[in-house]
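These are the residues of each chain, in order.
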Amino acid sequence: MQTIIARSLPSLKKNLNNLKKNQKVGLVPTMGCIHDGHLALVKKCKKSKYFTIVTIFVNPAQFNNQKDLEKYPSQEKKDLEMLKQYNVDLIFIPKARQMYPAGYSTYIKEITFSDVLCGKHRKNHFSGVLTIVLKLFLIVQPYAAFFGEKDFQQLFLIKKMVKDLNIGVKIIGIPTVRDSYGLALSSRNKLLKGRDLEIAKKIYLNFKKIRYLNYKHIKDIELYLKKELKNSGLNNLEYLEVRDSNSLNKPKHIRNGKKLRVFIAVYVGGVRLIDNYKLN
Ligand code: AMP
């Protein structure tokens, strides 16, 4: 089947109305600049035989910094080719003014976990994320939606929103796809130049070291990692924190049964990279 490209809400609606009764829809929201991380979500969606919709929308509401929004990479032609190769059923590429018409003023706000980690440093970021995701859910009414663990806090907050607001969409999380050095694939990696790419690869190499260490206190892991990262040239940390994977809370001690994960945001050559790594 040919991939449908919808660039407006009426065009999307028309195509959704044409779907067969009982055809389940799977949604894969992206900001474009498609890479193998996005394609892992697409593959998972296609495997479930859902009518697969990929959205490409660089959501202005989730950028707290206008410059960051302006320099966000885009490659629409290549994206369309890649997604067509994966037999995506429909690609939705709306304009910002369609999603946020003049006078737009309604936003979702989660009040407990949106101001930690990335949220602490990117004011209103998660409000922008949750708003666009909820809008896409309401417009598309998917059966399931696919998100990457690469953005673990985002996945956590989307699951929370779906539970809190009784939204009937199945949320499926996909493990982070990495390159052969372990660098988490990200559209922003395209902005890394020369030596910076080499430095970025050290994030994962340092994460892996923790497996071989025995610590009692979370603080000690954090201190150790910060030192190692600095020695690797990663000296512009925004945050580095170990948290509970299930609750996103910050435990003091390492106790049996707690699922721990380290979270990082770091600037490399002016490019903000995030990653997270399961410790046990
Ligand atoms: P983005 O285009 O960066 O907003 O990402 C769109 C979706 O792809 C989000 O659910 C991300 O978590 C997911 N994603 C991005 N990079 C990766 C990756 N390396 N591995 C798995 N999922 C990813």
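Residues numbered from 1 in each chain as written. Predicted model: local features only at pLDDT ≥ 70, side-chain atom pairs only at ≥ 80, totals over all residues. Heavy atoms only, no water.

(A) Just the overall build of the protein, in detail. When you go through the protein residue by residue, the secondary structure sums to eleven helices and nine strands. In terms of principal-axis extent, the alpha carbons of the protein reach across some 55 × 40 × 40 Å. In the protein, which comprises 280 residues, the share counted as buried stands at 53%. In the protein, 72% of the contacts between residues at least 6 apart in sequence involve partners at least 24 apart. Within the protein, one finds 52 positive and 22 negative side-chain charges whose respective centroids are separated by 4 Å. (Helix = DSSP H or I, 4+ residues; strand = E, 2+ residues; numbered from the N terminus. Buried < 20%, exposed > 50% of the residue type's maximum accessible area, 1.4 Å probe, protein only. Contact = heavy atoms within 4.5 Å. Lys, Arg positive; Asp, Glu negative; His and termini not counted. Charge placed at Lys NZ, Arg CZ, Asp CG, Glu CD.)

(B) Expanded view of the pairing of strand 3 (residues 51-56). With six of its six residues buried, strand 3 lies for the most part within the structure. In this structure, strand 2 (residues 25-30) lies alongside strand 3, joined through six bridges in parallel fashion. Pairing of glycine 26 across the sheet is with threonine 52, part of strand 3. Read from strand 2 through helix 2 (residues 36-47) to strand 3, the crossover connection turns out right-handed. (Pairing = 2+ DSSP bridges. Right-handed = clockwise from strand over helix to strand, strands pointing away.)

(C) Spotlight on the pattern of salt bridges. According to the stated counting rule, one finds 14 salt bridges in the structure shown. Across the pair arginine 7 and glutamate 76 runs a salt bridge whose closest N-O atoms are separated by 2.6 Å. With a gap of 69 residues between them, arginine 7 in the loop between strand 1 (4-6) and helix 1 (9-17) and glutamate 76 in helix 4 (residues 76-85) connect regions that are remote in the sequence. Its salt-bridge partner being glutamate 198, residue lysine 201 comes within 3.3 Å of it at the nearest N-O pair. (Salt bridge = Lys/Arg side-chain N within 4 Å of Asp/Glu carboxyl O.)

(D) Structural view of the sheet that holds strand 8 (residues 260-268). Read from one edge of the open sheet, three strands run 7-8-9, paired in antiparallel fashion. Among the strands making up the open sheet, the edge pair consists of strand 7 (237-244) and strand 9 (271-278). The mean inter-strand angle of the sheet, taken between neighbouring strand axes irrespective of direction, is 10°. As judged from the seven bridges shared by strand 7 and strand 8, these two strands associate in the antiparallel manner. Along strand 8, the bridge assignment pairs tyrosine 239 with alanine 265. Against the sheet, helix 10 (residues 202-209) contacts strand 8 and strand 9, and its axis sits at roughly 25° relative to strand 9. (Axes fitted to C-alpha atoms, helices over the stretch in contact; angles between N-to-C directions.)

(E) Representation of the packing of aromatic side chains in the model. Following the criterion strictly, the structure yields eleven aromatic pairs and no others. Centre to centre, the rings of tyrosine 104 and tyrosine 107 are 5.3 Å apart; their planes meet at 80°, and the pair counts as edge-to-face. Accessibility expressed as a relative area gives 24% for tyrosine 104, which makes it partly exposed. For tyrosine 107, a relative accessible area of 45% translates into the label partly exposed. Judged by centre distance (5.7 Å) and plane angle (90°), the ring pair of tyrosine 204 and tyrosine 277 falls under edge-to-face. Taken as a pair, tyrosine 204 in helix 10 and tyrosine 277 in strand 9 lie far apart in primary sequence, 73 residues in all. The exposure classification of tyrosine 204 matches that of tyrosine 277, with both residues buried. In textbook terms, an aromatic cluster arises when at least three aromatic residues are bridged by ring pairs, as seen for Phe57, Tyr100, Tyr104 and Tyr107. One Lys or Arg, arginine 122, reaches over the ring of phenylalanine 63 and ends 5.8 Å from the middle of that ring. We note lysine 201 situated over the ring of tyrosine 181; from NZ or CZ to the ring centre the distance is 3.9 Å. (Phe/Tyr/Trp six-rings, centres within 6.5 Å; stacked < 30°, edge-to-face > 60°. Lys NZ or Arg CZ within 6 Å of the ring centre and 35° of its normal.)

(F) Layout of the packing of helix 7 (residues 125-140) against helix 8 (residues 152-164). The contact between helix 7 and helix 8 brings their axes to 10 Å, and the two run at 55°. Between helix 7 and helix 8, the interaxial angle falls into the category oblique. Here the hand of the crossing between helix 7 and helix 8 comes out right-handed. Only Gln153, Gln154, Leu157, Ile158, Met161 and Val162 of helix 8 make contact with helix 7, whose side of the interface consists of Phe126, Val129, Leu130, Val133, Leu134 and Phe137. (Parallel < 35°, antiparallel > 145°, perpendicular 65-115°, else oblique. Left-handed = near helix turned anticlockwise from the far one by under 90°.)

(G) Representation of the confidence of the model for the protein in the model. Confidence in the prediction of the protein, expressed as mean pLDDT, is 96, and 100% of residues score 70 or more. The least confident element of the protein, judged by mean pLDDT, is helix 3 (residues 66-70) at 94; the most confident is strand 5 (residues 144-148) at 99. (pLDDT = per-residue confidence, 0-100.)

(H) Just the packing of helix 1 against helix 7, in detail. Between helix 1 and helix 7, the shortest axis-to-axis distance is 10 Å and the interhelical angle comes to 45°. The angle between helix 1 and helix 7 places the two elements in the oblique class. Contacts between helix 1 and helix 7 involve Leu9, Leu12, Lys13 and Leu16 on the former and, on the latter, Leu138, Ile139 and Val140. Taken together, the residues of the contact of helix 1 with helix 7 break down into six nonpolar, no polar and one charged. (Nonpolar A, V, L, I, M, F, W, Y, C, P; charged D, E, K, R; others polar.)

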